[in-house]
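An overview of the molecular structure
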Amino acid sequence: MPYAASVYRKAKQILAERRQKALNEQEARHAEVSAACPEIVELEMKMAQQGANIVRAIGMGENAQEYIYKLAQENLAVQERKAALMAQAGFAADYLQPRYTCPKCGDTGTCGAYYCECYKKLVKEIAYTELSEKSPLKLCSFDKFDIKLYPDTNFDSSFTVREHMAQILNFCKDYASDFDLSSPSLLMTGRTGLGKTHLSLAIAEQVLKKGFTVVYDTTQNVMNKLQRERFGKGESDEDTELLLEECDLLILDDLGTEFSTQFTVAALYNIINTRMLKNAPVIISTNLSVKEIGEKYSERIASRLIGDYICLIFDGRDIRQLRE
């Protein structure tokens, strides 16, 4: 489950800083103990020498086992003397041990061949923060979606606009609550300012909290990144195409506002088609209707959206203006 390379870099940097802080504090405590108990320094030097002697003794042949046992007993006696001196000076037995944020991995982020849970948690937290910082409305919540801003006028013969939007809100809440890797893709259509971005980000917030990877960006930014990476106009080490294909949930905002070229049309089709073949969920928001999408891009793209996406039609007045 990939995140942006910047997320991993940040996580590794934070872990390195945590580990170095723990080692620096350990060194300071060691200096404190050494000043209070100078004999401890001599004992530690003796322990280090005994350790080196044990390593050398491994190649001694028949007498190695007996000699190693003797060295180990001497080493144990030195450790006991060191512990006694520390206790007499009022230091806890583990006072000289490094105090890592994560004792399990020692703030390295790995436990053997596997990533530690602390690293996985840190990566998710950073991904959440980065998504929040770059989203236009920050991360929105369902609670802040005010259904009263939608009019009580008729949406169709069965529902008012407010009732219709309440249904969309409840659908999005259920979608986020039940999200898994087999969740369907969504197409949010409607005029600007009707809450498409708000609800897609509210879904993103809940999905991230459940531990899934989410990539959110405007379609324009995505196309610009792909174009720079394809034609070598950037020095980033990101692999945007891989990120778009492998994330658990992809959210493309404002489809139709980007400058349309042969490259962007082909790239959009590749994103939609690749994730469709993998049954990987996508949320697309756009001011265009499905018919307008077909006219702007291609019938192939429109047909895939019609056939594979659940379409949510947003209606009402521009709620951003109503809030002002």
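Scroll up to find the structure.
In this report, we go over the structure that sits alongside the text.

Conventions we followed
Residues numbered from 1 in each chain as written. Predicted model: local features only at pLDDT ≥ 70, side-chain atom pairs only at ≥ 80, totals over all residues. Heavy atoms only, no water. Pairing = 2+ DSSP bridges. Helix = DSSP H or I, 4+ residues; strand = E, 2+ residues; numbered from the N terminus. Axes fitted to C-alpha atoms, helices over the stretch in contact; angles between N-to-C directions. Contact = heavy atoms within 4.5 Å. Salt bridge = Lys/Arg side-chain N within 4 Å of Asp/Glu carboxyl O. Buried < 20%, exposed > 50% of the residue type's maximum accessible area, 1.4 Å probe, protein only. Phe/Tyr/Trp six-rings, centres within 6.5 Å; stacked < 30°, edge-to-face > 60°. Parallel < 35°, antiparallel > 145°, perpendicular 65-115°, else oblique. Left-handed = near helix turned anticlockwise from the far one by under 90°. Nonpolar A, V, L, I, M, F, W, Y, C, P; charged D, E, K, R; others polar. Disulfide = S-S within 2.5 Å. Right-handed = clockwise from strand over helix to strand, strands pointing away. Expected span 1.5 Å × (residues − 1).

**Regarding the sheet that holds strand β6 (residues 282–286)**
Read from one edge of the open sheet, five strands run β4-β5-β6-β3-β7, paired in parallel fashion. The open sheet has two free edges, formed respectively by β4 (214–218) and β7 (309–313), since each of these has just one partner strand. The average undirected angle you get between the axes of adjacent strands in this sheet is 15 degrees. Bridging between β4 and strand β5 (residues 249–255) involves five bridges; their strand directions are parallel. By the bridge assignment, Val-214 is partnered in β5 with Leu-249. Those strands touched by helix α11 (residues 299–308) are β3 (185–189), β6 and β7, and its axis lies near 90 degrees from that of β7.

**Looking at the pattern of salt bridges**
What the rule picks out here adds up to eight salt bridges. For the salt bridge of Arg-81 with Glu-39, the shortest nitrogen-to-oxygen distance reads 3.1 Å. Taken together, the positions of Arg-81 in helix α3 (residues 64–88) and Glu-39 in helix α2 (residues 38–57) put the pair 42 residues apart, joining distant regions of the chain. Taking relative accessible area as the criterion, Arg-81 reaches 35% and is therefore assigned partly exposed.

**Structural notes on the packing of aromatic side chains**
The tally for this structure, following the rule as stated, stands at six aromatic pairs. Between Phe-179 and Phe-212 the ring centres are 5.1 Å apart and the planes differ by 80 degrees, which places this aromatic pair in the edge-to-face class. You can see Phe-179 sitting in the loop between α5 (161–177) and β3 and its partner Phe-212 sitting in the loop between α6 (196–209) and β4, a full 33 residues away along the chain. Residue classification places Phe-179 among the buried positions, given a relative accessible area of 2%. In textbook terms, an aromatic cluster arises when at least three aromatic residues are bridged by ring pairs, as seen for Phe-171, Tyr-175, Phe-179 and Phe-212.

**A short note on the packing of helix α1 (residues 5–36) against helix α4 (residues 117–134)**
When two helices pack together, their arrangement is given by the angle between their axes and by how far apart the axes lie. Running from amino to carboxyl end, α1 crosses α4 at an angle of 125 degrees, the nearest separation of the two axes being 9 Å. By the angle class used here, α1 and α4 are oblique. Two packed elements cross with a definite hand, and for α1 against α4 that hand is right-handed. Listed contacts from α4 to Ser-6, Val-7, Tyr-8, Lys-10, Ala-11, Lys-12, Ile-14, Leu-15 and Arg-18 of α1 are Cys-118, Tyr-119, Leu-122, Val-123, Ile-126, Ala-127 and Glu-130. Residue composition of the contact of α1 with α4, by class: 11 nonpolar, one polar and four charged.

**Quick look at unusual backbone geometry**
Outside of glycine, negative phi angles account for most residues, and trans bonds account for most peptide bonds. The backbone of Asp-107 shows a phi angle near 60 degrees, a positive value even though the residue is not glycine. Relative to the helices and strands, Asp-107 resides in the loop between α3 and β1 (110–111). Residues other than glycine seldom take positive phi values, yet Asp-254 does so here, at roughly 60 degrees. By the secondary structure assignment, Asp-254 is in strand β5.

**A short note on the state of the cysteines**
If you walk through the whole model with that rule in mind, you get zero disulfides. Residue Cys-105 stays outside any disulfide, its sulfur separated by 3.5 Å from that of Cys-118, the closest cysteine. No disulfide involves Cys-116; its sulfur sits 3.6 Å from that of Cys-118, the nearest cysteine. Cys-116 sits in the buried class, given a relative accessible area of 2%.

**Brief notes about the pairing of β6**
Regular strands place side chains that alternate from one sheet face to the opposite one. Counting buried positions over the five residues of β6 gives five, a clear majority of the element. Here β6 shows two buried faces, one formed by Val-282, Ile-284 and Thr-286 and the other by Ile-283 and Ser-285. In terms of strand pairing, β3 meets β6 through four bridges, oriented parallel. The partner of Met-188 across the bridge, within β6, is Ser-285. With four bridges connecting them, β5 and β6 associate as parallel partners. The residue bridging Leu-252 from the neighbouring strand is Ile-284, located in β6. Regarding the hand of the β-α-β motif, the stretch spanning β5, helix α9 (residues 262–277) and β6 is right-handed.

**As for α6**
Spanning 14 residues, α6 covers 20 Å between terminal C-alpha atoms, matching the ideal 20 Å at 1.5 Å per step. Counting buried positions along α6 gives 12 out of 14 residues, so the element sits mostly inside the fold. Those residues of α6 that sit buried are Lys-196, Thr-197, His-198, Leu-199, Ser-200, Leu-201, Ala-202, Ile-203, Ala-204, Glu-205, Val-207 and Leu-208. Close packing links the buried residues of α6 with α4, α5, β3, β4, β5 and β6.

**Section: the pairing of β3**
Taking burial as the measure, the five residues of β3 include five buried ones, the bulk of the element. Alignment of β3 against β7, held across five bridges, turns out to be parallel. The residue of β7 that forms the bridge with Thr-189 is Ile-313.

Scope: geometric values only; no functional claims are made or implied.
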